[in-house]
Amino acid sequence: MPTPPPADRVLLLVARPTPSGIDEQSLKRLAAAVAERTDRPVRVAHLDQTEPTIHDALDDAVAAEAAGVLVVPLTIPDDRYLATWIARAVANWRETRGHQLDIRTAATPTSLPAIADALAGLAETEGRAVTAAPGGFRSPAWSTLEIPDRHLLVCGGPRCTVYGAGATHRTLTEATRGSTTQVTPIGCIGPCNLGPLVIDHPSGHWHQHVATLRAADLANDAQPDPARLTTS
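Keep in mind that what you see is a predicted model, and the values were worked out from it rather than measured.

Novice: Any chance you could explain helix H3 (residues 80–97) here in plain terms?
Specialist: Because an α-helix packs 3.6 residues into every turn, residues spaced three or four apart end up facing the same way. Between the first and last C-alpha of H3 there are 26 Å, a value that for 18 residues agrees with the 26 Å anticipated at 1.5 Å per step. The elements touched by buried residues of H3 are strand S1 (10–15), helix H2 (54–63), strand S3 (68–73), strand S4 (102–105) and helix H5 (158–162). If you check the start of H3, you find a side-chain oxygen 2.9 Å away from the backbone N of Tyr-81, and it comes from Asp-79.

Novice: Looking at this model, I keep getting lost on the pattern of salt bridges. Mind explaining?
Specialist: It is possible for side chains of opposite charge to pair when their charged atoms get near one another. Scanning all chains against the criterion turns up seven salt bridges. For the salt bridge of Asp-102 with Arg-104, the shortest nitrogen-to-oxygen distance reads 3.3 Å. Judged by its relative accessible area of 32%, Asp-102 falls in the partly exposed class. Look at Arg-104 and you get partly exposed, because its relative accessible area is 48%. Glu-174 is the partner of Arg-177 in a salt bridge, and the nearest nitrogen-oxygen pair spans 2.9 Å.

Novice: Got a minute to help me understand the layout of surface pockets in this structure?
Specialist: The gaps of empty space that remain are located by a probe, the size of a water molecule, rolled over the atoms. Of the pockets and cavities examined, the largest pocket occupies roughly 220 Å³. Along the walls of the largest pocket sit 17 residues, with Gln-49, Thr-50, Gly-166, His-169 and Pro-185 positioned nearest its centre. Sorting the residues of the lining of the largest pocket by element identifies strand S5 (150–155) and helix H6 (165–175) as the ones contributing at least two each. Among the elements that line the lining of the largest pocket, the one with the most residues is H6, at four residues. In the lining of the largest pocket, the residues fall into six nonpolar, eight polar and three charged.

Novice: I would appreciate a short explanation of the packing of aromatic side chains in the present structure.
Specialist: Each aromatic ring pair is characterised by the separation of its centres together with the angle its planes make. Scanning the model with the defined rule gives one aromatic pair in all. Summarising the aromatic geometry, the rings of Tyr-81 and Trp-85 are spaced 6.2 Å apart at their centres and angled 40° between planes, so their arrangement reads as tilted. Placement of both Tyr-81 and Trp-85 in helix H3 is noted, with a separation of four residues, approximately one turn of the helix. What makes Tyr-81 partly exposed here is its relative accessible area of 30%. Taking relative accessible area as the criterion, Trp-85 reaches 14% and is therefore assigned buried. Across the ring face of Trp-85, the terminal group of Arg-88 is positioned such that the distance to the ring centre comes to 4.6 Å.

Novice: Whenever I open this one, the pairing of S4 confuses me. Can you help?
Specialist: Looking along a regular strand, one sees side chains alternate from face to face of the sheet. Sheet topology note: the S3/S4 ladder contains four bridges and is parallel. Bridging from a neighbouring strand, Val-71 pairs with Thr-105 of S4. Running through H3, the crossover from S3 to the neighbouring parallel element S4 is right-handed.

Novice: Help me understand the confidence of the model for the chain, please; the structure alone is not making it clear to me.
Specialist: Where the model shows low pLDDT, its predicted coordinates should not be examined in detail. Residues with a pLDDT of 70 or more make up 91% of the chain, whose mean pLDDT is 85. Confidence scores differ between elements of the chain, with strand S9 (residues 228–230) showing the lowest mean pLDDT of 39 and H2 the highest of 96. Between residues 223–232, whose pLDDT stays under 50, and residues either more than four places distant or in other chains, the model counts 19 contacts.

Novice: What exactly am I supposed to notice about a nonpolar patch on the surface here?
Specialist: Taken together, Ile-76, Leu-119 and Leu-122 make up a surface patch of nonpolar side chains, about 310 Å² in accessible area. Its relative accessible area of 52% is what places Leu-122 among the exposed residues.

Cut-offs and rules
- Residues numbered from 1 in each chain as written.
- Predicted model: local features only at pLDDT ≥ 70, side-chain atom pairs only at ≥ 80, totals over all residues.
- Heavy atoms only, no water.
- Helix = DSSP H or I, 4+ residues; strand = E, 2+ residues; numbered from the N terminus.
- Expected span 1.5 Å × (residues − 1).
- Contact = heavy atoms within 4.5 Å.
- Polar contact = N/O pair within 3.5 Å; in protein donor to acceptor, adjacent residues only side chain to side chain.
- Salt bridge = Lys/Arg side-chain N within 4 Å of Asp/Glu carboxyl O.
- Buried < 20%, exposed > 50% of the residue type's maximum accessible area, 1.4 Å probe, protein only.
- 1 Å grid on protein atoms, 1.4 Å probe; cavity = no way out; pocket = protein on both sides within 12 Å on 5 of 7 lines; lining within 4 Å.
- Points joined across faces, edges and corners; volume = space filled by probe spheres on them.
- Nonpolar A, V, L, I, M, F, W, Y, C, P; charged D, E, K, R; others polar.
- Phe/Tyr/Trp six-rings, centres within 6.5 Å; stacked < 30°, edge-to-face > 60°.
- Lys NZ or Arg CZ within 6 Å of the ring centre and 35° of its normal.
- Pairing = 2+ DSSP bridges.
- Right-handed = clockwise from strand over helix to strand, strands pointing away.
- pLDDT = per-residue confidence, 0-100.
- Patch = residues over 30% accessible without salt bridge, like charges linked within 9 Å, V, L, I, M, F, W, Y side chains within 5 Å.
- Areas by Shrake-Rupley, 256 points an atom, 1.4 Å probe, with all protein chains shown as cover.

In structure tokens, the structure reads:
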């Protein structure tokens, strides 16, 4: 009979939000519901776009002296991209941190027949009436095109996120508040090993390794940074 895992092994739920964000409250409710059903610590992390990152969660597990971490991908349906990049993120964490924390991954629960049965069972329910007003879909406020003088696009791919894109985005947003510069998070644009990456429009410059200390300078300087990639 296999030996049960230690009670202090962390259960880490990893989500993959879209560039527009994720319903954090729903995610917290899910984690709380899971915590009610197990004595093990339950934590949440994100593959990309937002924080805490997988690296943050694993660092916290080490600080808490956890016996190990079981990583659970959260996705419907099963997402090979999420599973693949979780594994790569864990491998990078191991290499860069040098810790021997026991980290394993679980099969995504959405691949289990029980989940398919639950979804199929919805076909037999009455459902809820749709009562939303159509006006909100075409609000006049969304018909005004305001083109900023400068647009900074912050990469939020898996690697840039781990390299600090969240802090870079917050710094740029705060430094440009009230100005004619707009800051927008986007998905992966590559080359990822040069992240956090910021595309500076309309100049067309690609700024690399934009950590928080450089982010404030970049926000306040419309001139190209010496350490950048240029586009043709």
